[in-house]
Each structure stands twice: as structure tokens, then as C-alpha cells.
Amino acid sequence: MVPSRTEPLDLEVPEPKVSYDINVPYNSGPEEYERRLRETSEFPDYLPVWEEGLWFDDFPIFEYHDPALRADKRKPHLLTDNVKIQSVTPRMGTILTGVKLEALSQKAKDELALLICERKFVVFREQLDFLNAGPQFQVAFMEYFGKLSRQPVTGAIKGFPQFHVIHRDGNEEEIKTFFKHKMTTTIWHHDVSHERQPPGYIMLGILACPEIGGDTVVADTAMAYQRLSPVFQDMINKLKVNHTSRHLIAHARASKGTVRSNPIDSIHPMVRVHPVTGEKAIYYNAEFPDEVFGLKDQEAEVVTKFLLDFISKGHDFQARVHWEKNSVVMFDGRTTLHTGTVDYDTSTQTRHLFRLAAMTEVPVSVEDWEESRKEEKESI
């Protein structure tokens with residue numbers, strides 16, 4: 001009998017050797033450990049919890065209208081006279097100081113969406129008031145940019161499964177075990193690319209961080225695509241990839257963690273077109289893809305390894321987000337890959353942040369984009 005989509009699948013899986021992602025806990029720690037965290041955390045209500053009884057069906061397809069397409073390109077409502085603007089690199093990343101996220105108007109949010117599309121990520125310093133506004137306010141803020149993804153396995157905030165909580169503190173033994181099997185903690189990924197309409201706008205809110213280290217590294221996959229030869233571009237333009245949460249959920253089950261949904265599989269183009277900027281970007285990562293349609297297995301292995309190696313080594317189209325306490329970052333999920341870095345002492349320093357991911361359009365292939373542009377011209 002086919003399993004119900006509304007009931008968890010009962011699958012036997014072996015105990016995992018290491019954590020799926022060393023940056024993220026997959027279940028609560030001992031009672032004494034949890035008590036210590038609540039006593040020492042500045043944001044105890046944002047510590048990860050795993051509520052029982054939650055179950056999510058597949059998210060239904062929805063019509064999406066990007067707020068960036070409504071924006072004034074001059075951005076007068078966002079970039080006011082009191083805002084300090086600093087570029088992270090010439091091509092990508094903008095740091096804004098003096099913006100009050102909790103007070104942005106709708107026009108300012110439209111302009112923010114456009115700035116994110118243009119600069120790939122935007123860093124906001126001194127956002128304590130926004131972080132103190134609470135989860136309900138933060139959810140409502142991000143829902144302006146799209147429907148929010150719900151977390152299938154990781155810790156969330158009680159009553160708010162839209163939050164993905166990243167908390168690393170005192171997990172030295174876990175890290176030692178991890179490095180017995182792995183050489184690096186980096187994993188270049190898109191957030192929840194297994195969703196049918198994966199996130200286009202993502203927010204990270206930093207609640208605690210090391211003074212040095214723990215940076216997030218961001219790669220511009222639109223620029224990476226531009227660096228490829230026309231022949232190679234033409235080949236990967238035609239490919240489609242299955243993105244799945246199957247492995248993530250299997251790890252959670254093996255770790256005796258909480259699971260809130262069945263695996264989701266979505267087929268996306270390997271190259272997608274950004275609906276706001278028109279940029280073509282590589283849409284492949286090291287976490288969720290498991291099959292390439294259009295190539296044989298050995299061919300797919302060579303092509304995907306080449307792409308990920310190329311992107312990870314392309315420091316001239318990457319940038320590092322240096323975290324400061326009470327910062328917020330928003331970035332474009334369509335044209336970037338990112339990875340966390342565990343290069344700090346977790347015995348003395350905590351890294352605590354949350355993620356909210358606003359889902360946007362179904363990814364559009366180069367062929368479909370060009371066909372839609374042709375139809376638009378013919379209709380004029």
C-alpha cells in the first residue's frame with residue numbers, strides 16, 4: 001500500500017557516523033546542558049526546540065509577485081541621508097548602517113528586495129530593536145517577500161516552525177568525531193532547494209557570535225556562469241536536476257531526531273534565470289541534488305564536481321560576511337551559494353542565529369525564459 005502523504009514514513013536507517021551539518025543541532029542536549037544555555041543566552045526564547053505533533057504536507061504551488069519589480073531603482077525610501085553605505089566587494093555585498101528594519105515602509109521593502117537582487121546580499125548593522133521585536137514580527141516582516149518555508153527536521157522557535165535555529169556551543173566532541181571522517185566543515189548550499197518554489201529571499205539574524213571567525217562565505221553563481229565558455233553554458237542550460245530532502249530526513253531519523261514532513265523531491269533547471277535582473281545562474285549545490293537528467297551517471301559526476309570545485313575556488317566572485325552581534329543579513333537565494341565556517345573555539349564562544357526563508361517563483365530555465373521573452377515581443 002502506498003504511504004499516506006500526511007503520515008511519516010517508518011524507515012529503518014543506520015546510526016550516522018557524523019552530523020549531517022556540523023553547524024546545526026538535530027535534537028536537544030542533556031537537561032543540564034539545556035538549562036545552562038537558557039541561563040546564559042541573551043535570547044533564550046530563540047534557542048532551538050523540537051515540538052512534538054507537528055506535521056507538514058507538501059507546500060502547494062502559489063502565484064508569486066516579486067516586490068523588487070515594484071521598486072524605485074533610485075531607492076530613496078531605503079537609502080536615506082542618514083544611512084551609511086559600504087561595499088563588501090566591488091561586485092557583491094552591501095553593508096548598511098543606520099537602517100531601522102522594524103520601521104521600513106512597504107516602498108522601502110520593495111527597494112530592499114531590489115538591492116538584494118542587485119548586490120546578492122545586504123548586511124544591516126545595529127539591529128537590536130528588530131531582533132527584540134520578537135518572532136511574530138519577524139515572520140510578518142519576511143512574509144512580505146514570500147511565503148515562508150517550514151523546517152522539516154531542525155530546531156525551531158516554539159510556535160514558529162518557520163524559524164531554522166542555528167546554535168553551536170560546547171560541541172567539541174561532536175566536532176572531533178566529525179573530523180575523524182571529514183576534512184572540512186564547509187558545505188556549499190542553497191537553503192532548502194528541495195522546495196518546489198525554493199527561497200529567493202533569506203534572512204539570517206545573529207544573536208550571538210565569536211569576536212573573530214564563524215563567517216558566512218557567499219559565492220555569486222551568476223558571475224560563475226558568465227565565466228563558463230558558451231559551449232559549456234549551452235550544455236548545462238539544457239540539464240535538469242532532482243533536489244531532495246530525502247538524505248536530510250534520513251539523517252534525522254537515524255539520529256532519533258524529530259521529523260515534520262516526508263521527503264520532498266523537486267526537479268529544477270541546472271541554470272535558472274533571475275526574474276528581476278535577467279541574470280542566468282548555476283543552480284546546483286552540494287547538499288540537496290541527487291540526480292542530473294540529461295547526462296549518464298559518470299558524466300554527471302564529472303560535470304557537477306567541476307562546477308562545485310570551480311565555484312568553491314572562485315575567490316574573485318566570492319565574499320565573506322563577517323558577523324557582528326545584533327547584525328542581520330538578507331541575501332538572494334537564486335544567484336548565490338553560501339557556506340558557514342567552523343573556525344572558532346566552541347568551548348568558549350557561541351554561534352547563535354536564526355534563518356527565515358521566503359519562497360518565491362518556480363525556477364525558470366533558460367529555454368522557458370527565452371520563450372517567454374519571444375512571446376512578449378510578438379504580443380507588442
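In what follows, the accompanying structure is described. Just so you know, the residues in each chain are numbered from 1, in the order the chain's sequence is written. For a predicted model such as this one, the threshold for reporting local features is a pLDDT of at least 70, and the threshold for listing and counting side-chain atom pairs is 80 or more; totals across whole chains, interfaces and linings nevertheless cover every residue. Values shown for side chains rest on all heavy atoms present in the structure; no hydrogens or waters enter the calculation.

1. Details of the sheet that holds strand β7 (residues 216-220)
Right, on to step 1. Within the open sheet, the three strands sit side by side as β13-β7-β15. Their pairing is antiparallel. Single-partner strands in this sheet number two, and they are β13 (318-321) and β15 (336-340). In this sheet, neighbouring strand axes are inclined to one another by 20 degrees on average, regardless of whether the strands run parallel or antiparallel.
Right, on to step 2. A strand pair is defined by DSSP finding two or more bridges across the two strands. Secondary structure elements are defined from DSSP: runs of H or I of at least 4 residues count as helices, runs of E of at least 2 residues count as strands, and each element is numbered from the N terminus. Where β7 and β15 come together, five bridges link them in antiparallel fashion. Pairing of aspartate 220 across the sheet is with threonine 336, part of β15.
Right, on to step 3. The contact criterion used throughout is that any non-hydrogen atoms of two residues lie within 4.5 Å. Axis definition: a line fit to C-alpha positions, over the contact stretch in the case of helices; interaxial angles, taken between N-to-C directions, run 0 to 180 degrees. Those strands touched by helix α9 (residues 297-313) are β7, β13 and β15, and its axis lies near 60 degrees from that of β13.

2. Here we look at the environment of glycine 257
Right, on to step 1. With respect to the element layout, glycine 257 can be found in the loop between α8 (246-254) and β9 (265-269).
Right, on to step 2. Along the chain, glycine 257 and histidine 189 lie 68 residues apart, while their C-alpha atoms are 22 Å from each other.

3. With respect to the sheet that holds strand β12 (residues 289-293)
Right, on to step 1. The three strands are arranged β9-β8-β12 in an open sheet whose pairing can be described as antiparallel. The open sheet has two edge strands, β9 and β12, and neither has a second partner. Sheet twist, expressed as the mean angle between neighbouring strand axes with direction ignored, is 25 degrees.
Right, on to step 2. The pairing of strand β8 (residues 240-244) with β12 spans four bridges and is antiparallel. In the sheet register, histidine 243 faces β12, and the bridge partner there is proline 289.
Right, on to step 3. Against the sheet, α8 contacts β8, β9 and β12, and its axis sits at roughly 20 degrees relative to β8.

4. Some remarks on the nonpolar core
Right, on to step 1. Nonpolar core, defined: a set of buried Ala, Val, Leu, Ile, Met, Phe, Trp, Tyr and Cys residues in which side-chain atoms within 4.5 Å join the residues together. For every residue, the accessible area obtained with a 1.4 Å probe (protein chains only) is divided by the maximum for its type, and the residue is called buried under 20%, exposed over 50%, and partly exposed between those limits. One finds Leu112 and Phe141 to be the most contacted residues of the largest nonpolar core, which totals 41 residues.
Right, on to step 2. Setting aside anything within four residues of it in sequence, one finds leucine 112 in contact with Leu78, Leu101, Leu104, Phe124, Phe141, Phe145 and Met330.
Right, on to step 3. By size, the runner-up hydrophobic cluster in this structure holds 28 residues, among which are Tyr225, Leu239, Ala300 and Trp369.

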